[in-house]
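# Observations on the three-dimensional arrangement
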Amino acid sequence: RYSPYLLDIRKGEVWRLVTPIFMHFGITHILFNCMMCYQLGGAIEFNRGSTKLALLVLFTAIPSNLAQFYWSGPGFGGLSGVVYGMFGYMWMKSQFDPQSPFYIPPNMVVILIGWFFLCMTGALDEIVGHVANMAHAGGLGMGMLIGVGTTFLKQAGKSK
């Protein structure tokens, strides 16, 4: 059966898979995302280069946006899914790759994972507005998968 979802994308408007990361719904929202992007993205770009950072942004933006779309429909935005993707990538690299230049302090893990679950409860909706929780989950999951996956592929290549 033909699905009615994502018709615009099927018609060639593939940029719609990424454009929600550029939309924000408040000054605090965009400032927090830019600050985290600067910190995490800067470390990734410095150690992996601009091309790999851009690919990581794309490969975390698309699944995080799709997850949010299928959860709540259109009308969401923000870079948080990508921020969680960068965090997940660096976190897994710091845990599983002994040569990784990345280090995520334990307090940052507690803060970001704590914020993730606190937002999931809905307790902060009146303070921060609607939160794209599935975008956070999709980005975090994809970032972790890329971090672990690239580490194990690198280790498998060295063992041959």
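Residues numbered from 1 in each chain as written. Predicted model: local features only at pLDDT ≥ 70, side-chain atom pairs only at ≥ 80, totals over all residues. Heavy atoms only, no water.

## Brief notes about the packing of aromatic side chains
This is how the line gets drawn: Note on aromatic contacts: the rings of Phe and Tyr and the six-membered ring of Trp form a pair at centre separations within 6.5 Å, being stacked when their planes are under 30 degrees apart, edge-to-face when over 60 apart, and tilted otherwise. Counting from the N terminus, the helices are the DSSP runs of H or I reaching at least four residues and the strands are the DSSP runs of E reaching at least two. Relative accessibility under 20% of the residue-type maximum defines a buried residue, over 50% an exposed one, and the middle range a partly exposed one, all with a 1.4 Å probe and only protein chains included.
Inspection of the entire model under this criterion finds 7 aromatic pairs. Taking the centre distance of 5.8 Å and the plane angle of 65 degrees together, the rings of Tyr89 and Phe102 count as edge-to-face. Separated by 13 residues along the polypeptide, Tyr89 in helix α4 (residues 80–96) and Phe102 in the loop between α4 and α5 (106–121) bring together distant segments of the chain. Accessibility assignment for this pair places Tyr89 and Phe102 in one class, buried. Taken together, the ring pairs connect Tyr84, Phe87, Trp91, Phe116 and Phe117 into an aromatic cluster.

## A closer look at the layout of surface pockets
As a reminder of what qualifies: A 1.4 Å probe that fits but cannot get out identifies a cavity on a 1 Å grid over protein atoms alone, an open set with protein on both sides within 12 Å along at least five of seven lines counts as a pocket, and a residue lines either if it has an atom within 4 Å of a point. Grid points are joined across faces, edges and corners, and a volume is the space filled by probe spheres set on the points. Each residue is assigned to one class: nonpolar for Ala, Val, Leu, Ile, Met, Phe, Trp, Tyr, Cys and Pro, charged for Asp, Glu, Lys and Arg, and polar for all the others, Gly among them.
Here the largest pocket is characterised by a volume of approximately 550 Å³. Lining the largest pocket are 27 residues, with His29, Ser80, Val128, His130 and Val131 positioned closest to its centre. Looking at the lining of the largest pocket, the elements with two or more residues in it are α2 (27–48), α4, α5, α6 (125–128) and α7 (133–159). When grouped by side-chain class, the residues that make up the lining of the largest pocket number 14 nonpolar, 13 polar and no charged. As a volume, the second largest pocket reaches approximately 310 Å³. Taken together, 15 residues make up the lining of the second largest pocket; nearest its centre are Leu6, Ile9, Arg16, Phe69 and Pro74. Its residues placed into classes, the lining of the second largest pocket shows 10 nonpolar, 3 polar and 2 charged.

## A word on the pattern of salt bridges
Short version of the rule: Whenever Lys or Arg places a side-chain nitrogen within 4 Å of a carboxyl oxygen from Asp or Glu, that contact is recorded as a salt bridge.
Evaluated as defined, the whole model comprises 4 salt bridges. Across the pair Glu13 and Arg16 runs a salt bridge whose closest N-O atoms are separated by 2.5 Å. Residue Glu13 is classed as partly exposed on the basis of its relative accessible area of 23%. For Asp97, the salt bridge goes to Lys93, with nearest N and O atoms at 3.9 Å. Members of the salt-bridge network, linked through shared partners, are Asp8, Glu13 and Arg16.

## Overview of the packing of α4 against α7
Each pair of packed helices can be summarised by the angle the axes make with each other and by the distance between the axes. Applied cut-off: Think of each axis as a best-fit line through the C-alpha atoms, taken over the contacting stretch in the case of a helix, with angles from 0 to 180 degrees between the N-to-C directions. Angles below 35 degrees are treated as roughly parallel, those above 145 as roughly antiparallel, those between 65 and 115 as roughly perpendicular, and all remaining angles as oblique. By convention the crossing between two helices is left-handed if the near helix lies anticlockwise of the far one by an angle smaller than a right angle, and right-handed if it lies clockwise.
For the pair α4 and α7, interaxial distance at closest approach is 7 Å and the crossing angle is 30 degrees. Taken together, the axes of α4 and α7 lie roughly parallel to each other. Between α4 and α7 the crossing geometry is right-handed. Per-class residue counts for the contact of α4 with α7 are 12 nonpolar, 11 polar and 1 charged.

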